[in-house]
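# Structural features, examined
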Amino acid sequence: MRHPWFFLLAFPPVWLVLHYAAIALDVAPGVSLWYPPAGLSLAFVLIFPRFWPVLFVGIGYVVATGSYVADPVAALLSWAIPPLGYVAGGLLIRSACGGVPDLGRVADLVRFLAGAALTAGAVAMLNVVNFCNAGVIPWADYAERVRDFALGDLLGVVTLTPLFLLHASGSRIRQRGIGKAVASMAALAGILLLEAHEVTLGGAQRALSYFLLLPVAWNAVALGMAGAAISGAMANVSIAVSSALGAVAVVGPGTPYFMISLACVGLLIGAMVEERARALADLNRSQAAIARSYTRFSVSESAGKLIHELRHPVASLMTYAHGLQSGPRPGDDVAALAGRMVAEAERAAEILDRARSETEAEALARRPLVLDQLVAEAWPVLHELAESQAITLRREVASSGIRILGDRVALMQVLTNLVRNAAEALAGTGGKGVVTIVLDRAGDWAVIRVRDNGPGFEDYVRRFGHALYASRKPGSDGFGLPISRVIAEAHGGTLHLDNAPDGGAIAELRLPLRKEEAT
Amino acid sequence: MNATLAIVDDDAGYRAALAWYLGREGFVVADFPDADSFIAGFAPDALGCVLLDLRLADADGIDVIQRARQAEIDAPVIIMTAFADIPSAVRSLRAGAYSFVAKPAGNGELLRVVEDATNAHREARRRFGPATGVLSRYRTLTARERDAFWSMADGCTIKEIARELGISEKTAEIHRSRVLAKMTATSLSDIVKSAHHVRMACEGRPNTDKE
């Protein structure tokens, strides 16, 4: 944030407006349906943790001007408890997420929701103890009030805070087509219409609100976290407003629960969609990077070395070819000569392959990785791949916590290629296909084995490591295996293709274990 | 009689290709992976030429020419090099290479160079005889006798030898007969032939007389 001063100055008045709005929307004397200032406070601490004292300003004004607690000690406590609780909760969430939570990641979202629930519960418990102690609330009502306070705060948080955190999640979802944009707008308008309808009906019965799940879920799917946060907030604000404005201002007993669930479902869908979109974007980026590195070595420094190494096989090939150009002579063993020419051509191909792996080794960024995490990160994409072919995808961790040094995105690409390959081989097996990813350790190697129960690799593929000329699979370009092999070799590893005794294909990726002393 | 061709190259595949092609063109091919095996294994009296890779792993190709000459191998050497640069061409020709081909060379060019070199060797053999034994005999000469040897090779008379070396004609006469005996020469023309081979190996008086 480049201009925190604006937010610092704006925070107290905005907080007060939300506070009085919440009070004004009280659905029963002294009971507000929800408490949006809590969401604002949490968002503020999460984004500007250094300026936490600002949280005490708004509530200080309320406590100073209000007259609902006579006892000065109790008044002091009622001023201090909520902001202290939110500062603590905000810092807790920040430390769990390593900074501002990125709601575009399911893991961060879950940490955020858990932290928010914990904070709201703790603040409510302490606050109500103080009020009961001061005699404002009878002890008999303790549990009920704690529940109301906690639900109200949590509702405020799940509704408002995500809106403020949107900038941190940097949504990758771009508008995909006019149709979806129109549908999203229609869904948002539908939310308002439904609620307006509720208000005019004025019934105590809020049945129509349940339909709000649909546009919220739709927007989360179509627009990711932004769609989830905005439409969730709109839905909850309109439920609250209509509850207060309705002819019979009554909150159904389940309404706060429904509103919290509504917001959370939207956020979860949004995070999952967001995460998948990011994984796909990462994969596309790495694919582009790999494509670039294929062409790069022609201009790189290694070109000179390459030319030198290629000289011999090329010279040999030329010698044979020119010698045979005018036809074989008596005494020429053409088959043996052809064999030699094949050997020379293969030598040239090997030199090219090695140069390519070396070039890519430079292009890859090596970072410490844990295999389990790598697979977990790739899982949504892999799962999607398997589902698209109606295949079951399983994961077996024979050895966990295997550490390697590698390029996260490139290795995810290998996993994706291997699983795609297996899934395509199993397509049309009527849902009986199973692809298993096994994580194991063998000597100094980390092993990722992708096994299926299909017909196995064709001999050609097993021998040459690609299906460029043999592929009969529709929709497959045949580049997946060679690219995977290049990535494996660039990591100093291998990719071995084999068939299991019972016939299924096994692709085994071996990568050097990360040496502990290298940590 | 078929000419013999030595191929010295550290790349086995390319060696095999050359051996096949030039063997088919009528050469008796002997191929060697490095300088040591070439010098130890090549028959010095063979008629033909040597195809030598300048960038041998174990020795600079130019040193190899010197060592071959020392080992009384007098066949012309054709330098093959991947680095077709002027300095290495000049260096190899100055070191006594017959010719110079870029690698990879076309078969036609290679065959032409190899045949030229073989003809040159045949002509040199006709004029100077084989180098076999010449150097080892020359090495038995004393310093004084070597001086006499070079004067004889230049066609000096006994008088001139005596004046040049600052000795009496009698002593010059003794040196002359010793040189003839040690070099197993029957005439002055044998000494001239031997001098050619010694000069090629850069012993005695190198670079005094360029042919």
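Residues numbered from 1 in each chain as written. Chains lettered and ligands numbered in written order. Predicted model: local features only at pLDDT ≥ 70, side-chain atom pairs only at ≥ 80, totals over all residues. Heavy atoms only, no water.

The next subject is the interface of chain B and chain A. The interface is formed by 19 residues belonging to chain B together with 19 residues belonging to chain A. Summed over both partners, the interface of chain B with chain A buries about 1600 Å², with 57% contributed by carbon and sulfur atoms. Ranking the residues of chain B by area buried against chain A places Trp20, Arg24 and Pro104 of chain B at the top, with a combined share of 38%. Taken together, chain B and chain A are joined by 11 residue pairs in polar contact (both at pLDDT 80 or more). Of the residues forming the side of chain B that touches chain A, the biggest block, 8 residues, is contributed by helix α1 (residues 12–24) of chain B. (Contact = heavy atoms within 4.5 Å. Buried area = accessible area lost by both parts, 1.4 Å probe. Polar contact = N/O pair within 3.5 Å; in protein donor to acceptor, adjacent residues only side chain to side chain. Helix = DSSP H or I, 4+ residues; strand = E, 2+ residues; numbered from the N terminus.)

What follows concerns the nonpolar core. Residue and element names in this part refer to chain A. Counting 60 residues, the largest nonpolar core has Trp15, Leu42, Phe44, Tyr86 and Phe112 as the members making the most contacts within it. Every residue in contact with Trp15, bar those within four places of it in the chain, is listed here: Tyr35, Pro37, Leu40, Ser41, Gly58, Ile59 and Val62. Judged by nonpolar contacts, the second largest core, of 44 residues, contains Ala279, Ala422, Leu481 and Leu509. (Core = buried A, V, L, I, M, F, W, Y, C linked by side-chain atoms within 4.5 Å. Buried < 20%, exposed > 50% of the residue type's maximum accessible area, 1.4 Å probe, protein only.)

Glancing now at the sheet that holds strand β2 (residues 28–32) of chain B. All names here are of chain B. Strand order across the open sheet formed by 5 strands is β2-β1-β3-β4-β5, with parallel pairing between neighbours. On the outer flanks of this sheet lie β2 and β5 (99–102), each paired with one strand and no other. Neighbour-to-neighbour, the strand axes of the sheet open up by a mean angle of 20°, direction not taken into account. Pairing of strand β1 (residues 4–8) with β2, which is carried by 5 bridges, proceeds in the parallel orientation. Across the sheet, the residue bridging to Ala6 is Ala30, located in β2. Relative to the sheet, helix α5 (residues 107–128) contacts β1, β3 (48–53), β4 (77–81) and β5, its axis offset from that of β3 by approximately 130°. (Pairing = 2+ DSSP bridges. Axes fitted to C-alpha atoms, helices over the stretch in contact; angles between N-to-C directions.)

Residue and element names in this part refer to chain A. With the rule as written, the count across this model stands at 17 aromatic pairs over all chains. Judged by centre distance (5.6 Å) and plane angle (35°), the ring pair of Phe7 and Phe48 falls under tilted. Residue Phe7 is found in helix α1 (residues 4–24), and its partner Phe48 is found in the loop between α2 (36–47) and α3 (55–65); the two are separated by 41 residues along the sequence. A relative accessible area of 36% means that Phe7 is categorised as partly exposed. Connected via pairs of aromatic rings, a cluster forms that spans Trp5, Phe6, Phe7, Phe11, Phe44, Phe48 and Phe51. The cationic tip of Arg395 hangs over the ring face of Trp379; the distance from NZ or CZ to the ring centre is 4.1 Å. (Phe/Tyr/Trp six-rings, centres within 6.5 Å; stacked < 30°, edge-to-face > 60°. Lys NZ or Arg CZ within 6 Å of the ring centre and 35° of its normal.)

This part is about the pairing of strand β5 (residues 445–452) of chain A. All names here are of chain A. Most of β5 sits inside the fold, with 6 of its 8 residues counted as buried. Strand direction decides the pairing type here: strand β4 (residues 434–442) and β5, joined by 8 bridges, are antiparallel. Counterpart to Asp440 in the pairing with β5 is Val447. Between β4 and β5, which follow one another and run antiparallel, lie 2 residues, and Gly443 among them has a positive phi close to 65°. Strand direction decides the pairing type here: β5 and strand β7 (residues 505–512), joined by 7 bridges, are antiparallel. Paired with Arg449 across the bridge in β7 is Glu508.

Okay, unusual backbone geometry next. Residues and elements named next belong to chain B. One non-glycine residue, Glu72, adopts positive backbone phi at about 65°. Tracing the backbone through its elements, the reader meets Glu72 in the loop between α3 (61–70) and β4. Judged by relative accessible area, which is 12%, Glu72 ranks as buried. The phi dihedral of Thr184 is positive, around 45°, even though this residue is not glycine. If you trace the backbone, Thr184 turns up in the loop between α9 (169–182) and α10 (188–200).

Once that is clear, we can look at α1 of chain A. Note on helix geometry: an α-helix contains 3.6 residues per turn, so any two residues three or four positions apart are oriented the same way. Residue and element names in this part refer to chain A. Helix length check: α1 (21 residues) gives 30 Å between terminal C-alpha atoms against 30 Å at 1.5 Å per residue, within 8%. The sharpest bend along α1 comes to roughly 40°, located at Phe11, with the proline Pro12 sitting one to four residues further on. Packed against the buried residues of α1 are α2 and α3. (Expected span 1.5 Å × (residues − 1). Bend = angle between axes of the 7 residues up to and from the residue.)

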